[in-house]
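Letter by letter, the chains look like this.
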Amino acid sequence: MTQDELKQAVARAAIDYVVDGEIIGVGTGSTANFFIDELGKIKDRIKGAVASSEATAARLRGHGIEVLDLNDVEAISVYVDGADEIDASGAMIKGGGAALTREKIVASVSGKFVCIADGSKLVQTLGKFPLPVEVIPMAANAVSRKLTRLGGQPRLRTKAGGTDAFVTDNGGYILDVAGLSITDPVALETDINQIVGVIAVGLFAQRGANVCLLGTGDGVRTMTF
């Protein structure tokens with residue numbers, strides 16, 4: 001199976017976790033897009049969705065799914081999103097699509113986090129994928145120096161094909177931190193969160209996945225944490 005076929009398989013499997021008559025949280029990225037396409041087929045079963053990015057909101061609306069502001073929502077039963085890496089404890093690196101802050105917010109208020117990913121995303125130790133850190137623009141260099149002291153090699157994310165800084169939906173910059181071997185994701189998440197100027201770090205360990213639907217050549221593997 002191709003990587004896209006694996007993503008589509010886990011997106012279909014995630015529909016089983018949708019709770020009828022309730023609001024669902026939806027993540028950002030290529031795997032989440034497959035889920036949105038599947039969700040569009042059952043849109044009459046849900047009240048609406050809370051999106052983790054402007055791109056996700058646009059795709060949801062394109063399928064005729066009502067997008068709700070989180071401030072107007074009391075509860076989200078399930079949040080479905082992909083991951084750049086996930087380990088055997090359910091801790092993840094996310095933020096390749098630059099939506100880590102809003103993803104983290106929506107996940108934090110959801111009853112269950114369902115991660116959907118192809119098998120290549122399962123790793124023994126997080127960190128081969130550069131860790132995204134969203135920062136206040138004026139603090140980018142100051143935060144970079146502190147991330148270097150933690151053993152990382154931060155690099156400012158730029159717009160495709162250019163040298164200008166990539167700007168998130170929140171008006172922040174992204175530092176992609178290479179060179180980390182994250183043996184204690186919860187501790188590192190805490191340390192980076194405490195750096196002044198950091199908006200959010202793409203480590204989802206304090207609130208990791210509850211379920212991971214992993215696409216493999218032998219079918220969808222379900223991991224629970």
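Treat the numbers as computed from the prediction; the structure is a model and nothing was measured.

What to know about the sheet that holds strand β9 (residues 173-178)
Two modes of strand pairing occur in sheets, parallel and antiparallel, and in both the strands are linked by backbone hydrogen bonds.
Working step 1: Taken together, the 4 strands give an open sheet; going across it, the order is β8-β9-β7-β10, and neighbouring strands pair in antiparallel fashion. Both edges of this open sheet fall to β8 (153-156) and β10 (198-201), since each of them pairs with a single strand only. Across the sheet, the mean angle separating the axes of adjacent strands is 30° when strand polarity is ignored.
Working step 2: Examined bridge by bridge, strand β7 (residues 131-135) and β9 share 5 bridges and lie antiparallel to one another.

Remarks on the side chain of S53
Working step 1: With respect to the helices, strands and loops of the structure, S53 is situated in the loop between β2 (48-51) and α3 (54-62).
Working step 2: For S53, a relative accessible area of 6% translates into the label buried.
Working step 3: Only 3.1 Å separates the side chain of S53 from the backbone nitrogen of T56, close enough to count as a polar contact.
Working step 4: What S53 contacts, discounting residues up to four positions off in sequence, is T28, A99 and D169.

Observations regarding the pattern of salt bridges
Working step 1: For the structure shown, the criterion picks out 10 salt bridges.
Working step 2: The closest approach of N and O atoms between D20 and R45, which form a salt bridge, is 2.8 Å. Taken together, the positions of D20 in the loop between α1 (3-14) and β1 (23-26) and R45 in the loop between α2 (30-39) and β2 put the pair 25 residues apart, joining distant regions of the chain.
Working step 3: Judged by relative accessible area, D20 falls into the partly exposed class, the value being 48%.
Working step 4: A salt bridge links R157 to D176, with the nearest nitrogen and oxygen atoms 2.7 Å apart. Taken as a pair, R157 in the loop between β8 and β9 and D176 in strand β9 lie far apart in primary sequence, 19 residues in all.
Working step 5: Where salt bridges share partners, they join R12, E38 and K41 into one cluster.

Details of a nonpolar patch on the surface
Working step 1: A cluster of nonpolar side chains, contributed by I136, M138 and I199, occupies part of the molecular surface with about 320 Å² of accessible area.
Working step 2: Looking at the secondary structure, you find M138 in the loop between β7 and α5 (140-149).
Working step 3: Since its relative accessible area comes to 79%, M138 is described here as exposed.

Rules of the game
Residues numbered from 1 in each chain as written. Predicted model: local features only at pLDDT ≥ 70, side-chain atom pairs only at ≥ 80, totals over all residues. Heavy atoms only, no water. Pairing = 2+ DSSP bridges. Helix = DSSP H or I, 4+ residues; strand = E, 2+ residues; numbered from the N terminus. Axes fitted to C-alpha atoms, helices over the stretch in contact; angles between N-to-C directions. Buried < 20%, exposed > 50% of the residue type's maximum accessible area, 1.4 Å probe, protein only. Polar contact = N/O pair within 3.5 Å; in protein donor to acceptor, adjacent residues only side chain to side chain. Contact = heavy atoms within 4.5 Å. Salt bridge = Lys/Arg side-chain N within 4 Å of Asp/Glu carboxyl O. Patch = residues over 30% accessible without salt bridge, like charges linked within 9 Å, V, L, I, M, F, W, Y side chains within 5 Å. Areas by Shrake-Rupley, 256 points an atom, 1.4 Å probe, with all protein chains shown as cover.

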